[in-house]
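# Analysis of the macromolecular model
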Amino acid sequence: MSKPVVLIAEELSPATVEALGPDFEIRRCNGADRAELLPAIADVDAILVRSATKVDAEALAAAQRLKVVARAGVGLDNVDVKAATQSGVMVVNAPTSNIVSAAELAVALMLAAARHVAPANAALKDGEWKRSKYTGIELYEKTVGIVGLGRIGVLVAQRLSAFGMKVIAYDPYVQAGRAAQMGVRLVTLDDLLAEADFMSVHLPKTPETLGLIGEEQLAKVKPNLVLVNAARGGIVDEHALYVALKEGRVAAAGVDVFASEPCTDSPLFEFENVVATPHLGASTDEAQEKAGIAVAKSVRLALSGELVPDAVNVQGGVIAEDVRPGLPLTEKLGRIFTALAGEVAQQLDVEVRGEITQYDVKVLELAALKGVFADVVEEQVSYVNAPLLAAERGVAVRLVTDPESPDHRNLITLRGTLADGTQVSVSGTLIGIAQRERLVEVDGYDVDIEPTEHLAFFRYEDRPGMVGTVGRILGDAQVNIAGMQVARDTKGGHALVALSVDSVIPVDVLEEIREAMDAVSARTVDLTE
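Not measured: the values here are computed from a predicted model.

Moving on, we come to the packing of aromatic side chains. By convention here, two paired aromatic rings are described through the distance between centres and the angle between planes. The final tally for this structure, using the stated rule, is 2 aromatic pairs. Here the aromatic rings of Tyr 242 and Phe 271 are separated by 5.2 Å at their centres, their planes lie at 45°, and the arrangement is tilted. Of this pair, Tyr 242 sits in helix H11 (residues 238-246) while Phe 271 is found in the loop between strand S11 (252-255) and strand S12 (274-276), placing the two residues 29 residues apart along the sequence. Looking at Tyr 242, the relative accessible area reads 18%, which means it is buried. Where Phe 258 meets Phe 269, the ring centres are 5.8 Å apart and the plane angle is 85°; that geometry is what we call edge-to-face. Here Phe 258, found in the loop between S11 and S12, pairs with Phe 269, found in the loop between S11 and S12; they are 11 residues apart in sequence, far enough to count as distant.

Quick look at the structure:
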């Protein structure tokens, strides 16, 4: 078999390729060159990018086999996540790869601005000794306001606490108790603006945060404020900051990010009390290596069909080892459910019972949906777009868990209601040390059969000779029966034959069996890829 193809579209750490290992064919291109990118992405399984490659709707449309876009870094401004989701393409990043580097740069900018490091350095190298001109201020016992107490904000708070600073923070999504455990006092944004001697911004760039620190906010700060933005350009309004610096309403600033990048000509550059860097937050050897290794591991997981903890457009997360064996079984149950139903259900319950409910089993809902739609739609179905496909078709999905499972250690059931009110259900479990898959219930009938590649189900009025009829017709058609289960609700009532066979049952043979049994329904399931 040919190896999956991974396209590296930008310069990445050598450790990235090492982390991918020998199981992939590695190709390279200049992702910033559209004329080179679009043909290069056409037949690859994964693409690794940094910030220069735009993976937009056009690129995704050109990618016929793409399963995963991996961004070796945090920001996803250059990836159209919505278009990727609709295409069933997983998007992953490396959310923790640069947090230490970004936090350290924010502190460095704060210190540099407080002590006039940049202009003093420039003056000295220009032959001027200006000690008195560049008298700075200490951080010790000053108040620093952290705007955004996420992973990077927390690291900055910890480091500045070590400088003897009083730390306050604004973050509407953080509980006061959690902040207090870190020695941080949560305040409103207005209170932070009024109290802070130093301020450091650590928010994601969203419609809500764009321009959050603007003219109105900068009118409320102390004139001795040192403001640092090493998060995302545009959160601090650059024009408002320029005016505040010009009028002496802000003492100094450290800026690593800009609304439009690359930025080589900003009005802010005219001030000696502004220290500026070209978006260096993640630009350390350690951060680049961490990012490359992280996304390489994510690509390996994604291309092996696993859920990826760092996927940004897939619900779920780290999969418990006790839950993982249930994924392929649940996906098969989804495909069997659809075959039995013959249509898409209006309501679908994914019921999980037993010991595994002590873990997060949300991933089993995704696996069920992936199976339900695998044989329904033409596009590739993945953990990424399966919930979207359900929403588009008006399927109400519910995950139901119960630690009690009387008959099996663990039991997974898909139970759905069709448009006419009919209910369809199918259940499976894993047995023994080898965790072998078993189908144990179909539409309320107890069965015990392995869900092999080829299955068939016949419902009929219970009467003698029906098992022989099925065997005879399949034998005449040279279709070998691997396993058979017969179940009934009452003697002479309704019955079900569940079969596993070694090859596909031809349509005409299926119809012959249905007519011979006068079957209420006759369904086959092909579980081959």
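Next comes the rest of the write-up.
Moving on to helix H13 (residues 326-341). Over its 16 residues, H13 runs 22 Å from end to end, which matches the ideal 22 Å to within 8%, given 1.5 Å per residue. Looking at the residues trailing H13, positive phi occurs at Gly 342, about 75°.

It is worth spelling out the packing of H13 against helix H14 (residues 362-374) at this point. Where H13 meets H14, the axes come as close as 7 Å, and the angle between the chain directions of the two elements is 40°. In this view, H13 runs oblique relative to H14, as classed from their interaxial angle. Like other packed secondary-structure pairs, H13 and H14 cross with a definite hand, here right-handed. Between H13, through Gly 326, Leu 327, Thr 330, Glu 331, Gly 334, Arg 335, Phe 337 and Thr 338, and H14, the contact on the second element is made entirely by Val 363, Leu 364, Ala 367, Ala 368, Lys 370, Gly 371, Val 372 and Ala 374.

Attention shifts here to the sheet that holds strand S19 (residues 454-461). Read from one edge to the other, the open sheet built from 4 strands follows the order S20-S21-S19-S22, with strand pairing classed as antiparallel. The sheet is open, and its two edges are formed by strand S20 (481-488) and strand S22 (521-526), each paired on a single side. Across the sheet, the axes of successive neighbouring strands diverge by a mean angle of 15°, strand direction being ignored. With respect to the sheet, H13 is in contact with S19 and S22, its orientation differing from that of S22 by roughly 150°.

Strand-to-strand pairing in sheets goes through backbone hydrogen bonds, with the strands running parallel or antiparallel. Strand order in the open sheet formed by 5 strands is S2-S1-S3-S4-S5, and the pairing between neighbours is parallel. The two strands at the open ends of the sheet, each matched to only one other strand, are strand S2 (25-28) and strand S5 (90-93). Looking at each pair of strands side by side, their axes are set apart by 20° on average, direction ignored. Sitting on the sheet, helix H12 (residues 285-303) touches strand S1 (5-8), strand S3 (46-49), strand S4 (68-71) and S5, and the angle it makes with S4 is about 170°.

Here the focus is the pattern of salt bridges. The final tally for this structure, using the stated rule, is 30 salt bridges. For Arg 459, the salt bridge goes to Asp 443, with nearest N and O atoms at 3.5 Å. Placement of the pair is Arg 459 in strand S19 and Asp 443 in the loop between strand S17 (436-442) and strand S18 (445-449), with a sequence separation of 16 residues. The exposure class assigned to Asp 443 is partly exposed, which follows from its relative accessible area of 22%. One network of salt bridges, in which partners are shared, links Glu 351, Arg 353, Asp 402 and Arg 415.

A few words on unusual backbone geometry. The omega torsion across Glu 261 and Pro 262 is 0°, close enough to zero to call that bond cis. Mapped onto the secondary structure, Pro 262 falls in the loop between S11 and S12. We note that Gln 435 has phi near 55°; this positive angle belongs to a residue other than glycine.

It is worth spelling out the pairing of S17 at this point. By the criterion of burial, S17 is predominantly enclosed, with 6 of the 7 residues buried. The hairpin formed by strand S16 (residues 423-431) and S17 contains 4 residues between the paired strands, and Gly 432 there has a positive phi angle of roughly 75°. With 3 bridges connecting them, S17 and S18 associate as antiparallel partners. By the bridge assignment, Val 442 is partnered in S18 with Tyr 445. Between S17 and S18, which follow one another and run antiparallel, lie 2 residues, and Asp 443 among them has a positive phi close to 50°.

Next up on the list: helix H7 (residues 151-161). The set of residues buried in H7 consists of Gly 153, Val 154, Leu 155, Val 156, Ala 157 and Leu 160. Taken together, the buried residues of H7 touch helix H5 (99-114), strand S6 (143-147), strand S7 (166-170), helix H8 (176-181) and strand S9 (198-201).

Another point: the domain arrangement of the protein chain. When cut into domains, the protein chain gives domain 1 (5-95 + 286-304), domain 2 (98-276), domain 3 (315-451) and domain 4 (452-528). For domain 1 and domain 3, the distance between their C-alpha centroids amounts to 31 Å. Area buried by domain 1 at its contact with domain 3 is led by Thr 85, Gln 86 and Gly 88, which between them contribute 63% of it. Linking domain 1 with domain 3 are 0 salt bridges, by the criterion used here. If you look at where domain 1 meets domain 3, you find 0 residue pairs in polar contact (both at pLDDT 80 or more). Considering only residue class, the side of domain 1 that touches domain 3 consists of 3 nonpolar, 4 polar and 1 charged.

Rules behind the numbers
- Residues numbered from 1 in each chain as written.
- Predicted model: local features only at pLDDT ≥ 70, side-chain atom pairs only at ≥ 80, totals over all residues.
- Heavy atoms only, no water.
- Phe/Tyr/Trp six-rings, centres within 6.5 Å; stacked < 30°, edge-to-face > 60°.
- Helix = DSSP H or I, 4+ residues; strand = E, 2+ residues; numbered from the N terminus.
- Buried < 20%, exposed > 50% of the residue type's maximum accessible area, 1.4 Å probe, protein only.
- Expected span 1.5 Å × (residues − 1).
- Axes fitted to C-alpha atoms, helices over the stretch in contact; angles between N-to-C directions.
- Parallel < 35°, antiparallel > 145°, perpendicular 65-115°, else oblique.
- Left-handed = near helix turned anticlockwise from the far one by under 90°.
- Contact = heavy atoms within 4.5 Å.
- Pairing = 2+ DSSP bridges.
- Salt bridge = Lys/Arg side-chain N within 4 Å of Asp/Glu carboxyl O.
- Domains from an automatic or database assignment.
- Buried area = accessible area lost by both parts, 1.4 Å probe.
- Polar contact = N/O pair within 3.5 Å; in protein donor to acceptor, adjacent residues only side chain to side chain.
- Nonpolar A, V, L, I, M, F, W, Y, C, P; charged D, E, K, R; others polar.

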